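Coordinate inspection notes
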Amino acid sequence: MVWKITGTPANFSSMTRVNHHDPQHSDSRIGKLTDLGPEQYQDFIKKLDKQYKMVKSQLIKHQSPTVGLFPSRMSEAPNEAHVRESIYCSVAMWALSLSYRKVDNDNGRTYELGQSVVKCMRGILYCWMRQSKNVEQFKRNQSEKNALHSKFHYLTGNTIEDSESLQIDCVGLYLLFLVQMISSGLEIIYTTDEVSFIQNLVYYVERSYRTPDYGMWQRGSKYNNGTVELHASSIGFSKAALEAINGFNLFGESGASWSVIYVDIDAHNRNMTIFETILPRESNSKNTDASHILTLSWPAFALHNEQICTKTLNKVKRKLQGNYGYKRFLRDGYKTMVEDKNRKYYRSAEIKNFDGIECEWPIFFIFLIIDGIFHGDMEQVSKYQKLLEPLLKHTNEGVIVPMYYYVPKEFVENERQNPGSHRRLPSDEGVNECYFLWGQAVYIISQLLVEGLLTINELDPIKRHLPACARPRKSSRYSTFQGTPNDLAVQICVIAESVRLQQMLSMYGILSQTPNQIEPIKIWSPNELTKAYEQLGISEKLGLTGRPSRPIGGLGTSKIYRAFGHLVVCYPLLFEVSDFYLSQDMNYVIDDVKNDIAFLARCWKLTGRPTFCMLIREENIRGPDTRNLLDLLAMIKSGSIDGVRVHLSRLQSIFSAACVENLDFLQSCDEDSEVKFHKFEELNVGSSSFKSLMEPWKKIHTTRN
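Let us look at the structure shown here. In this convention, every chain numbers its residues from 1, walking through the sequence in written order. Only residues with pLDDT of at least 70 get local features here, since the model is predicted, and only at 80 or more are side-chain atom pairs given and counted; chain-wide, interface and lining totals rely on the full set of residues. Note that the side-chain values use all heavy atoms of the structure and ignore hydrogens as well as water.

Moving on: helix α17 (residues 526-533). For α17, the tally of buried residues reaches 6 of 8 residues, placing the bulk of the element in the interior. Accessibility here uses a 1.4 Å probe with only protein chains present; expressed as a share of the type maximum, an area under 20% marks a residue as buried, one over 50% as exposed, and anything in between as partly exposed. Where helices and strands are cited, they refer to DSSP runs of H or I of at least four residues and of E of at least two residues respectively, numbered from the N terminus. Those residues of α17 that sit buried are Pro526, Glu528, Leu529, Thr530, Ala532 and Tyr533. Buried positions along α17 lie against α6 (192-206), β13 (522-524), β16 (560-563), β17 (566-570) and β21 (660-662). In what follows, residue pairs with any heavy atoms lying within 4.5 Å of each other are defined as contacts.

Along strand β12 (residues 490-496), 7 of the 7 residues are buried, which leaves the element largely enclosed by surrounding structure. As paired strands, β12 and strand β20 (residues 644-648) are joined by 3 bridges and run parallel to one another. Of the residues in β20, the one forming a bridge with glutamine 491 is histidine 647. A strand pair is defined by DSSP finding two or more bridges across the two strands. Both β12 and strand β18 (residues 611-616) contribute to a ladder of 6 bridges, which runs parallel. In the sheet register, glutamine 491 faces β18, and the bridge partner there is threonine 611.

What follows concerns empty space enclosed by the protein. The method works on a 1 Å grid over the protein atoms by themselves. A cavity is a set of points holding a 1.4 Å probe that cannot get out, a pocket is an open set with protein on both sides within 12 Å along at least five of seven lines, and residues with an atom within 4 Å of a point line them. Grid points are joined across faces, edges and corners, and a volume is the space filled by probe spheres set on the points. By the definition in use, this model includes 5 cavities of 30 Å³ or more. Counted as a void, the second largest cavity has a volume near 110 Å³. Forming the walls of the second largest cavity are 13 residues, and the residues nearest its centre are Val263, Asp264, Tyr533, Arg547 and Ile552. By the convention adopted, Pro, Cys, Tyr, Trp, Phe, Met, Ile, Leu, Val and Ala count as nonpolar, Lys, Arg, Asp and Glu as charged, and the other residues, Gly among them, as polar. Residue classes in the lining of the second largest cavity are distributed as 8 nonpolar, 1 polar and 4 charged.

Right, let's talk about the pattern of salt bridges for a bit. Any Lys or Arg side-chain nitrogen located within 4 Å of an Asp or Glu carboxyl oxygen qualifies as a salt bridge. Inspection of the entire model under this criterion finds 26 salt bridges. The closest approach of N and O atoms between arginine 416 and glutamate 413, which form a salt bridge, is 2.6 Å. Of this pair, arginine 416 and glutamate 413 both sit in helix α13 (residues 412-417), 3 residues apart, which is roughly one turn of that helix. With a relative accessible area of 26%, arginine 416 lands in the partly exposed category.

Note on definitions: angles span 0 to 180 degrees between N-to-C directions of axes, and those axes are lines fitted to C-alpha atoms, for helices only across the stretch in contact. Following both chains from N to C, one finds helix α1 (residues 38-58) and helix α14 (residues 437-450) inclined at 170 degrees, their axes separated by 11 Å at the closest point. Judged by the angle between their axes, α1 and α14 are roughly antiparallel. Here α1 contributes Gln51, Met54, Val55 and Gln58 to the contact with α14, which in turn contributes Leu437, Gln440, Tyr443, Ile444, Gln447 and Leu448. When the residues that make up the contact of α1 with α14 are grouped by side-chain class, the tally is 6 nonpolar, 4 polar and no charged. If an angle is under 35 degrees, it is roughly parallel; if it is over 145, roughly antiparallel; if it lies from 65 to 115, roughly perpendicular; otherwise it is oblique.

Further remarks concern unusual backbone geometry. Look at the link from tryptophan 298 to proline 299: it is a cis peptide, with omega at 10 degrees. Mapped onto the elements, proline 299 comes out in the loop between α9 (291-296) and α10 (306-320). Residue glutamate 519 is joined to proline 520 through a cis peptide bond whose omega torsion reads 10 degrees. Inspection of the secondary structure assignment puts proline 520 in the loop between α16 (499-507) and β13. Positive phi, close to 70 degrees, is recorded for lysine 335, a residue that is not glycine. Along the chain, the position of lysine 335 falls in the loop between β7 (325-326) and α11 (363-374). One non-glycine residue, alanine 349, lies in the positive phi region at around 65 degrees. Here alanine 349 is to be found in the loop between β7 and α11.

What follows covers α6. Taking 1.5 Å of rise per residue, 15 residues should cover 21 Å, and α6 covers 21 Å from first to last C-alpha, within 8% of that figure. Of all 15 residues in α6, 14 are buried; the element is thus mostly enclosed. Each residue after the first adds 1.5 Å to the expected span of a helix.

Glancing now at the packing of α6 against helix α7 (residues 232-245). Their axes nearest at 10 Å, the elements α6 and α7 cross at an angle of 140 degrees. Helix-helix and strand crossings are classified by hand; for α6 and α7 the assignment is left-handed. Taken together, the residues of α7 that come into contact with α6 (itself represented by Ile198, Val202, Val205 and Glu206) are Ser238, Leu242 and Ile245. Each crossing gets its handedness from the near helix: less than a right angle anticlockwise from the far helix is left-handed, clockwise is right-handed.

We now examine the nonpolar core. Ranked by size, the top nonpolar core spans 146 residues in total, and within it Tyr174, Ile198 and Trp298 carry the most contacts. With 52 residues, the next largest nonpolar core counts Ile492, Cys493, Leu505 and Ile560 among its residues. By nonpolar core we mean a set of buried residues, namely Ala, Val, Leu, Ile, Met, Phe, Trp, Tyr and Cys, connected to one another through side-chain atoms within 4.5 Å.

Another aspect to go through is the packing of aromatic side chains. What characterises a pair of aromatic rings is the spacing of the ring centres plus the angle enclosed by the ring planes. Only rings of Phe, Tyr and Trp enter the pairing, Trp through its six-membered ring, and a pair is recorded when the two centres are within 6.5 Å. The plane angle decides the type: under 30 degrees is stacked, over 60 is edge-to-face, the rest tilted. This model, assessed by the stated rule, comprises 33 aromatic pairs. Seen from their ring centres, tryptophan 524 and phenylalanine 677 are 5.1 Å apart, and the 15 degrees between their planes marks the pair as stacked. One end of the pair, tryptophan 524, is in strand β13; the other, phenylalanine 677, is in the loop between β21 and α21 (694-704), with 153 residues separating them in the sequence. You'll find tryptophan 524 and phenylalanine 677 in the same group, each marked buried. On the basis of an interplanar angle of 80 degrees and a centroid distance of 6.0 Å, the ring pair of tyrosine 571 and phenylalanine 680 is categorised as edge-to-face.

The next thing to look at is the pairing of β16. Pairing analysis gives 4 bridges linking β16 to β17, with the strands arranged antiparallel. Residue pairing across strands places alanine 563 opposite histidine 566, the latter belonging to β17. From the end of β16 to the start of β17, which pair antiparallel, there are 2 residues, and phenylalanine 564 there has a positive phi angle of about 55 degrees. Bridge analysis of β16 against β21 gives 3 bridges, and the strand direction is parallel. What sits directly across from tyrosine 561, in β21, is glutamate 661.

Glancing now at the sheet that holds strand β3 (residues 71-73). If you walk across this open sheet you meet the 3 strands as β3-β4-β5, and the pairing is antiparallel. The sheet is open, and its two borders are formed by β3 and β5 (151-153), each paired with just one other strand. If you compare each strand with its neighbour and ignore which way they point, the axes differ by 60 degrees on average. Examined bridge by bridge, β3 and strand β4 (residues 77-82) share 2 bridges and lie antiparallel to one another. Across the sheet, arginine 73 pairs through a bridge with alanine 77, a residue of β4. Together, β3, β4 and β5 form the strand contacts of helix α2 (residues 83-100), whose direction differs from that of β4 by roughly 80 degrees.

Attention now goes to the sheet that holds β21. The strand order β13-β17-β16-β21 describes an open sheet built from 4 strands, whose pairing is mixed. The outermost strands of the open sheet, each flanked by one partner alone, are β13 and β21. Between one strand axis and the next, the sheet turns by 35 degrees as a mean value, whatever way the strands run. Docked against the sheet, α17 engages β13, β16, β17 and β21, running at close to 85 degrees with respect to β13.

Before going further, it helps to spend a moment on the environment of histidine 465. With respect to the helices and strands, the residue histidine 465 is situated in the loop between α15 (456-459) and β12. Spatially, the C-alpha atoms of histidine 465 and histidine 304 are 8.4 Å apart, while their sequence positions differ by 161 residues. Reaching out from histidine 465, the side chain makes a polar contact with the side chain of aspartate 460 at a distance of 2.5 Å. Pairs of N or O atoms within 3.5 Å make up the polar contacts considered here, provided that, within protein, one atom can donate a hydrogen while the other can accept it, and that residues adjacent in sequence are counted only when both atoms are side-chain atoms.

Along the chain, histidine 62 turns up in the loop between α1 and β3. Residues contacting histidine 62, with those up to four places away along its chain left out, are Ser57, Leu69, Phe70, Pro71, Met74, Tyr154, Glu433, Tyr435 and Leu437.

Shown next as structure tokens:
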């Protein structure tokens, strides 16, 4: 649903819900204000100009003239710029520019705001590209010393070394809004080296599920002792970024095939699994965290499982909500009056001193206002508007959002004994033109939505707020996330190593093909597919070598690929020849096949069906467990394996329903390239018949009789 203005923009009752799939409202970004009368149009312009004045005086005024970043703590460290605050400031300017697109005579403000956004996003990119060596090392060793920094000098863009740099959610947030902004028409990425660097940022966040970091609040564990831990918010933002950028062209509509970004679907699945497992907790030490509001609602919309989302957010509201905002997490000592400002880390058990007196942050009320608008819950919007209003400061420069509200030192003991009994005081935002820019940016976005100046489809052009199955597909050339259908069938093609093996399988009614019979379709081993993806994201200028040499998982090998003008299928890693003794145990392999097929049916999230290429070699039918293999093939032929629907057919006939991925980046690997790819060759048995293999089959047949 989107919101269509039918009356006074500030009046909630004047908004009517409109279907997203209504062709009249399929793209509100290019529409003009044709539904408004003259008075309403003038009122709309006045409200836009009011927001523009706030953006100009509170945000653009403080943007770095050199790198385009924004200061994060203006009163304490005016020369420090943080990636997160800078991104949200750019989002506020971008949102206002989208509103101005509806106005014919905008006095150049649409372009001005858009270019300010481009400057900020490219400034962050510039600062990170200077650390490309860290990105390359981080792909192989997810260590804090190899991490991208999240704080930079406001004017020079140099890194600030004394900060906790490992914050994966910042990279995920950047990738997410990069896709959103380019989708709206902004041109942010210019060169192939920048495309390669963004591809390497994807590699950077793909392993979030196993990378402990300092989290959204830069403090690591709850105890603030310098240790890192897995954070649900970091994994959630990474998951959302991977979903958004998969198959996305960084050059927009005018981009070529080599500017498309690829995502490892197996890495996405691991992030999703760990993310859902950790929730409703934030980490090992944090029972809950206010960062879940940002992760599960706007801007990430990292999960659409209603049961988990409701349980997690209800826990956040129950544990952390106060009269002045939300606590970041329980026993958070940041900016409390009893916190020792001279020490970076806390002593053992010191956090008990902060119990009940944690600072409360009004910014989370603003995020819940935005959440209510996205979900069409006007009661929630009205509730948090009323809670927020008395917390704001009204000045000549406009509305000021305090960073936090704290308990005065003389009331600390009483507040511990009687929570909520004493009045809290706001932080000093608004004094000497010092602002909490993150709060200001989010407040401006919320007011654009509340006053009807901006629609949710404009703020979220890639439709992250919708379930994956309801989002528009970007391109048919690349895989797209769509969710798992309830009646998903796994397509299976059986490939026999030789003609005589195919003849034997046909004796038992098993349909199979040989590599020569499926020509011109080629069969690759998982190692060949890994070699192909190693060519993705290479930049000699930046010292980037592409995807790390890690095996492709079961989801990745279940796509059909187009490479060098040919169709390519890839068999799973379990069919790869190995010296490890378990690979010679047919019962073990059979169990793995069943588990892999069940895994595909449960975890497949892409458009099209998964294709399971079952490669059978002659050595597989020589042992005493051959009968178990035949039983498995009979189950596949019947159309069901342990309750999972399967469809056995020739490879050529299942192509139309499969998930197809185009490996366009391999076009650079021409015939003269040192990188060579080898297809799986059919075993040449000459004129030899299958009599040499009949003995074990006769033994099986006799046993069955």
